[in-house]
Every structure is written in C-alpha cells, then in structure tokens.
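Each chain is listed here by its residues.
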Amino acid sequence: MRRSSLPGPEQADVCIVGAGYTGLWTAYYLKLARPDLRVVVLEAAFAGFGASGRNGGWVTAESIGSRERYARGPRGVAGVRDLEAALRSTVDEIERVCAAESIDCDFVKGGRLSVATTTAQLARLRAGLAGARAWGDGEDVLSFLSGPDLEARIKVAGALGGLFAPHSARIQPASLVAGLADAAERRGVIIYEATPVSAIEPHVARTVFGDVQARMVLRCTEGFTARLPGLHRALLPMNSSMVVTEPLDDATWQEIGWTGMETLSDEAHAYIYAQRTADGRIAIGGRGEPYRFGSAVDDRGETSPQTVEALQAILGRLFPAAAGTRLDHAWSGVLGVPRDWCAAVSYDPVTGLGAAGGYSGHGVLAANLAGRTLSDLVTGEKSDLTALPWVGHHSRTWEPEPARWAGVHGLYVLYRTADRLEAPSAPATAPGVAAPGPRPARAALAAALGRVGDLISGIPH
Ligand SMILES: Cc1cc2nc3c(=O)[nH]c(=O)nc-3n(C[C@H](O)[C@H](O)[C@H](O)COP(=O)(O)OP(=O)(O)OC[C@H]3O[C@@H](n4cnc5c(N)ncnc54)[C@H](O)[C@@H]3O)c2cc1C
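Given the structure is predicted, the values throughout are model-derived calculations rather than measurements. (Residues numbered from 1 in each chain as written. Predicted model: local features only at pLDDT ≥ 70, side-chain atom pairs only at ≥ 80, totals over all residues. Heavy atoms only, no water.)

### Thoughts on the overall build of the protein chain
Put simply, the rule is: A helix here means a DSSP run of H or I that spans at least four residues, while a strand means a run of E at least two residues long, and both kinds are numbered starting from the N terminus. Radius of gyration: over C-alpha atoms. The globule rule applied is 2.2 Å multiplied by the number of residues raised to the 0.38 power. Residues are treated as being in contact if the distance between any of their heavy atoms lies within 4.5 Å. For accessible areas, the Shrake-Rupley method is used with a probe of radius 1.4 Å. Any residue's cover is judged against the shown protein chains and nothing else. Working convention for charge: Lys and Arg count positive, Asp and Glu count negative, and His plus the chain ends are omitted. In this description, the location of a charge corresponds to atom NZ of lysine, CZ of arginine, CG of aspartate or CD of glutamate.
For the protein chain, the helix and strand inventory stands at 11 helices and 18 strands. Taking 23 Å as the expected radius of gyration for a compact globule of 461 residues, we find that the protein chain reaches 22 Å, a close match to that expectation. Counting only C-alpha atoms, the protein chain reaches 65 × 45 × 40 Å along its principal axes. Nonlocal contacts in the protein chain, meaning residues at least 24 apart in sequence, comprise 78% of its contacts between residues at least 6 apart. Counting only carbon and sulfur atoms, one obtains 56% of the accessible surface of the protein chain, whose full area is about 18,800 Å². For the protein chain, the distance from the average site of its 45 positive side-chain charges to the average site of its 49 negative ones is 4 Å.

This is the structure:
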C-alpha cells in the first residue's frame, strides 16, 4: 500500500528528504531519542524505491572509504579504527532492531567471502590481506581460506583462495526497507510518498505541494543527489545491475554448498557480488553500464541484454552446476559515489542542513550507522559516533562533463580489459584446480592496466 503525498505546506522539527535506509534509520533513531520531535519524511516515489529496495542484500562492515584519507582527520589512525569497530558492531545493531521491531528480512549473519579464481586475483587477495594485517586486522576480522576449508563453505569453480570476514550478514533488501518504514511510522514518523523535493534550503524543503518549514532539513538522497539544485557534481550516480535465478533444486545446491549463506564476491577489477536467497535462488550483481552522461539517472531500472548475458556467463563460470539456469528477474539501481570514494555524514547547526551518503555501493550497513550519527548530531548529543572521522569529511566535487563520463568509462574499459587479460586460457571446472594462466606478457599488461585504473579512480583498496 502506497502512502499519500504531502497534503500542503507543513511545519516540522526535522524534515528528511528520501525514504531509503539512510532517511528511515535517521527518522527511526530520532524518534527513539526525542519522541516529542515532529519528524516528516518526504519521498519522491515510495519508501525503498531507490537502492535500498533493490540492492544485493549484503550487510557488510566493508570499508566505506580510504583508511588513509580518513586518517588525515584530527583523530588520525585511532579514529579510523573506531569507525571500523563501529561498522562491525552495526551488523548486530541491525539484527537487534529487526528482532525488536519484528522486521522479517531473512537476516543471516553468515559472513562475507571474497574468492579468487585467477592467479592475478589471488595476488590481489593476498595483498589485501597483508594491507589489512598492517592496519591491525586479526583473524577475527579477516582470514584466508583455501582448499577444503573454502570448499566446506562454497564450491566455486577454480577457486584458488578466499578471504572470509565474519562481520557480515545477508538480507532481503526490500523487506528491510519496508519493515523499517513501518517501524518508523509506529514511532510517530510521518512519511509522505510521491512527493519530490525540488530544492533544499536552510530550514525549508520545497515541493510542488507546498514547502515544509523545519528547524533541520536532512538530505538522504544518495544516488539521486545530482538532481538537486547546486549538487549536480556532489555525488556521481553509479549504476549497478543484478539478476536472480529461479529457485535451484536440491541436487544443484548439494554441488554448490553455500549452506552458511555467506555473501560472495570475486576479486576481479569489475567485481561481482552475490547471495544465496532464503528461497534458494542466487542473486548476482555487477556494474552494467556504470555511468550515464551528465549524471543522468535511469530510475526505470532497465538492464541491457548484454549486462544480463554477462552476469549469466559469470554465474555459469563460478557455478557450472547452475549454468543454463533460468533467470527470473533483472534490474538496475543507482548508488552515490563521492569524488574521493569516502562516505560522509554532515550537519551544520547554523543552517540546520545535514546529509549522509556516498557509500559507493556499501550503504546497506553504513546507512544504519549514518542514521544513528545524524540523529545524535541533530539532537546535539556529543557521542562516540559524532567523533568518527567520516563526520564532517569533505570530498571535492566531480569534474564537469565530458571529463566525468570519459573518466568513468575509461576506468571501466581499463578494468574490463585487465580482467579479460587475466582470465585463464581454459575454464576451470572444479574448486582448487587452477586453470592455465595467461602468458607473462598478457599478465603484466593486465596488472599495468589495473594499476592505471586504480590511480585514475583513486578507489580505495
Ligand atoms: C543494484 C545495487 C546493489 C547494491 N548492493 C549493495 C549491497 O549488497 N550492499 C551494500 O552495502 N550496498 C549495496 N548497494 C548500495 C546501497 O543499496 C545504497 O548505498 C543504500 O541503499 C543507500 O541508501 P540511501 O537511503 O542513502 O539511498 P536510496 O536507497 O537510494 O534512497 C534515496 C531515496 O531518496 C529518494 N529521493 C531522491 N531524490 C529525492 C527528492 N528530490 N525528493 C524526495 N525524495 C528523493 C529516492 O526516491 C530514494 O527512495 C547496492 C546498490 C545497488 C543499486
């Protein structure tokens, strides 16, 4: 059932623009902290219309930005460690609220697995582990798995090794956002749908139905932010596409394993992400067309046949037992990427303007932490959360077009070329069996292209 539009001009204490995870968690925690506040959420379409209703369902404490960049803040390395600890504990916070509010979203804390299927991917995976160890991450945060230990979790064809991170869960994303909207309403939050905000200014959100005057106005519009006046180059709207198979039969699941419901990715430059759903399907996603010229947002969620074919081919390569399986759905969505790939939470008590987002594809978990943090900032609560280094973090704006389009497309051409060059000359058919690797010259070229891509993008690893 859809909610009604804003009936006309209104007054509120806090007006939140956007009913995705960020806006709804913020509203929920605000009403818990201050039940007396009038909190109004304005949503252009319906609660969960954006990435929150159509993501890969990874609740992962994965990095939401570069450790080095966050460490340049006043709290240095200690601040980064606190941010990462806060992200890890957020998995349990989401589970706690889901239980307390009876939100049934298929939550399983099975951890996260990243699997390498080429020697180049294995080298990146080991480098990633060494980097994490240098930052002090122990076995309780990240561990290396191979051979029978990896196979006991999941049988990925040609898997040479994997990294396992326990602080991660799988969910059904649309169920979480729908349940969260209901929970917020039960606490007294007012949600208006089909109410696009045309401008956000100090103490006012403007719509065609009238203005909402509020002491605080919080922008929680992530991948759609570029549409708002003055914010065209603030966050790059990046597309991600997904497909989901029909439910697989028991024999296929016997071959694949995956009984722990870990979220799964590979170590390709243009990586994929996947989950085993509660009803026995595989949902798998990756970048289709990564970016549209002029920061255009395709909100119809259409996915090109080439992207669907590419995801189906990857599915069959990783899981030969599932090759040829029917795909039941394909869709796309948009997420927000800041120029330095570092998510941020901000609030200015003078203007009453606040915002959170720029999670670069890792917002399912981070939006909860952002929501709790925005709530503390708005209520003036100086807390451990408000001292985290992503609070007040500033990222510069993206380049004007056509540089923005050329940069993002150039990056993905480099990444995809590097991935193709790294691919083995023949497919592997069993876990732990390395397929013949590329010739040394090809491998060297792939590594160089990958490095150039990393340098251009500044993507943190
Ligand atoms: C296909 C896909 C897969 C992903 N997979 C994962 C994953 O597995 N794990 C993970 O951590 N992250 C993933 N992400 C990213 C994650 O989903 C997002 O980071 C997160 O949902 C952002 O939540 P949000 O509330 O900030 O933004 P959104 O969910 O995008 O919500 C913003 C809302 O604001 C509304 N809005 C926008 N502009 C206006 C306006 N002017 N007026 C009123 N309302 C407005 C929109 O309609 C929307 O409902 C994925 C994203 C996509 C697209």
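There's more to say after this.
### Examining the pattern of salt bridges
Condition: Basic side-chain nitrogens of Lys or Arg form a salt bridge, by our definition, when they fall within 4 Å of a carboxyl oxygen of Asp or Glu. Residue burial is assigned from relative accessible area. The probe radius is 1.4 Å, only protein chains are included, and a residue is buried under 20% of its type maximum, exposed over 50%, and partly exposed in between.
According to the stated counting rule, one finds 26 salt bridges in the structure shown. Salt-bridge contacts for Arg281 lead to Asp279; the nearest nitrogen and oxygen are separated by 2.9 Å. Accessibility expressed as a relative area gives 17% for Arg281, which makes it buried. Note on Asp279: relative accessible area 45%, which makes it partly exposed. In this structure, Arg396 and Glu399 form a salt bridge, with 3.7 Å as the shortest nitrogen-oxygen distance. Residue classification places Glu399 among the partly exposed residues on the basis of a relative accessible area of 24%. Beyond isolated ion pairs, a larger network of salt bridges with shared partners links Glu246, Asp279, Arg281, Arg326 and Asp328.

### Side note on the pairing of strand β13 (residues 263-266)
For a regular strand, side-chain orientation follows a simple rule: the groups alternate between the two sheet faces. The line we're drawing: Should DSSP find at least two bridges between two strands, the strands are taken to pair.
Alternating positions in β13 separate into two faces, Thr263 and Ser265 on one and Leu264 and Asp266 on the other, with burial throughout. Sheet topology places strand β4 (residues 112-116) next to β13; four bridges connect them, and they run parallel. Across the sheet, the residue bridging to Ser114 is Ser265, located in β13. In this sheet, strand β14 (residues 273-276) lies alongside β13 in antiparallel orientation, the contact comprising two bridges. Across the sheet, the residue bridging to Leu264 is Ala274, located in β14. If you look at the hairpin formed by β13 and β14, you'll find six residues sitting between the two strands.

### Some details on the side chain of Thr207
Test applied: Under the rule applied, a polar contact is a pair of N or O atoms within 3.5 Å (in protein, one hydrogen donor and one hydrogen acceptor; residues adjacent in sequence only if both atoms are side-chain atoms).
Looking at the secondary structure, you find Thr207 in strand β10 (residues 204-207). Among the polar contacts made by the side chain of Thr207, one reaches the main-chain carbonyl oxygen of Gly210 at a distance of 2.7 Å. Those residues in contact with Thr207 that lie beyond four places of it in its chain are Leu6, Leu42, Thr195, Pro196, Val197 and Ser198.

### Thoughts on the pairing of strand β9 (residues 197-201)
As paired elements, β9 and β10 share four bridges and run antiparallel to each other. Note on β10: the bridge partner recorded for Ile200 is Ala205. The antiparallel hairpin formed by β9 and β10 contains two residues in its connecting segment, where His203 sits at a positive phi of about 65 degrees.

### Examining the packing of helix α1 (residues 21-33) against helix α3 (residues 76-100)
Note the following rule: The convention used is that axes are lines fitted to C-alpha atoms, helices contributing only their stretch in contact, and that angles between N-to-C directions extend from 0 to 180 degrees. Here roughly perpendicular refers to angles of 65 to 115 degrees, roughly parallel to angles under 35, roughly antiparallel to angles over 145, and oblique to all remaining angles. Here a crossing is taken to be left-handed if its near helix is turned anticlockwise relative to the far helix by less than a right angle, and right-handed if that turn runs clockwise. All amino acids are sorted into three groups, where Ala, Val, Leu, Ile, Met, Phe, Trp, Tyr, Cys and Pro are nonpolar, Asp, Glu, Lys and Arg are charged, and the leftover types, Gly among them, are polar.
Between α1 and α3, whose axes approach to 14 Å, the crossing angle comes to 70 degrees. With respect to their mutual orientation, α1 and α3 come out roughly perpendicular. Every pair of crossing elements has a handedness; the one defined by α1 and α3 is left-handed. Mapping the contact onto sequence places Trp25, Tyr28 and Tyr29 in α1 and Glu93, Ile94 and Val97 in α3. Counted by class, the contact of α1 with α3 contains five nonpolar, no polar and one charged residues.

### Side note on the packing of α1 against helix α6 (residues 173-186)
Interaxial distance between α1 and α6 falls to 9 Å at its minimum, and their mutual angle equals 30 degrees. By the criterion of interaxial angle, the relationship of α1 to α6 is roughly parallel. Crossing geometry of α1 relative to α6 is assigned as left-handed. Side by side, α1 and α6 meet where Tyr21, Leu24, Trp25 and Tyr28 of the first sit next to Pro173, Leu176, Val177, Leu180, Ala181, Ala183 and Ala184 of the second. Residues of the contact of α1 with α6, tallied by class, amount to 11 nonpolar, no polar and no charged.

### A short note on helix α10 (residues 403-422)
Applicable threshold: In a helix, the anticipated span is given by 1.5 Å times the number of residues less one.
With 20 residues, α10 ought to run about 28 Å at 1.5 Å a step, and its terminal C-alpha atoms sit 28 Å apart, in line with that. What α10 keeps buried is the set Arg404, Val408, His409, Leu411, Tyr412, Leu414, Tyr415, Ala418, Asp419, Leu421 and Glu422.

### Some thoughts on the packing of aromatic side chains
So the rule is basically this: The aromatic pairing rule takes the rings of Phe, Tyr and Trp, using the six-membered ring of Trp, and pairs them if the centres are within 6.5 Å, calling planes under 30 degrees apart stacked, those over 60 edge-to-face and the rest tilted. Either the NZ atom of lysine or the CZ atom of arginine qualifies as a charge over a ring when it sits within 6 Å of the ring centre and within 35 degrees of the ring normal.
Within this structure, the stated rule accounts for eight aromatic pairs. A centroid spacing of 6.0 Å and a plane angle of 85 degrees characterise the contact between Tyr412 and Tyr415, whose relative ring orientation is edge-to-face. Of this pair, Tyr412 and Tyr415 both sit in helix α10, three residues apart, which is roughly one turn of that helix. Of the two residues, Tyr412 and Tyr415, both sit in the buried class. By way of ring pairs, the aromatic residues Trp25, Tyr28 and Tyr29 are connected into one cluster. The ring of Phe46 is capped by Arg2, whose NZ or CZ atom sits 3.7 Å from the centre of that ring. The ring of Phe144 carries the charged tip of Arg126 above its face, separated from the ring centre by 4.5 Å.

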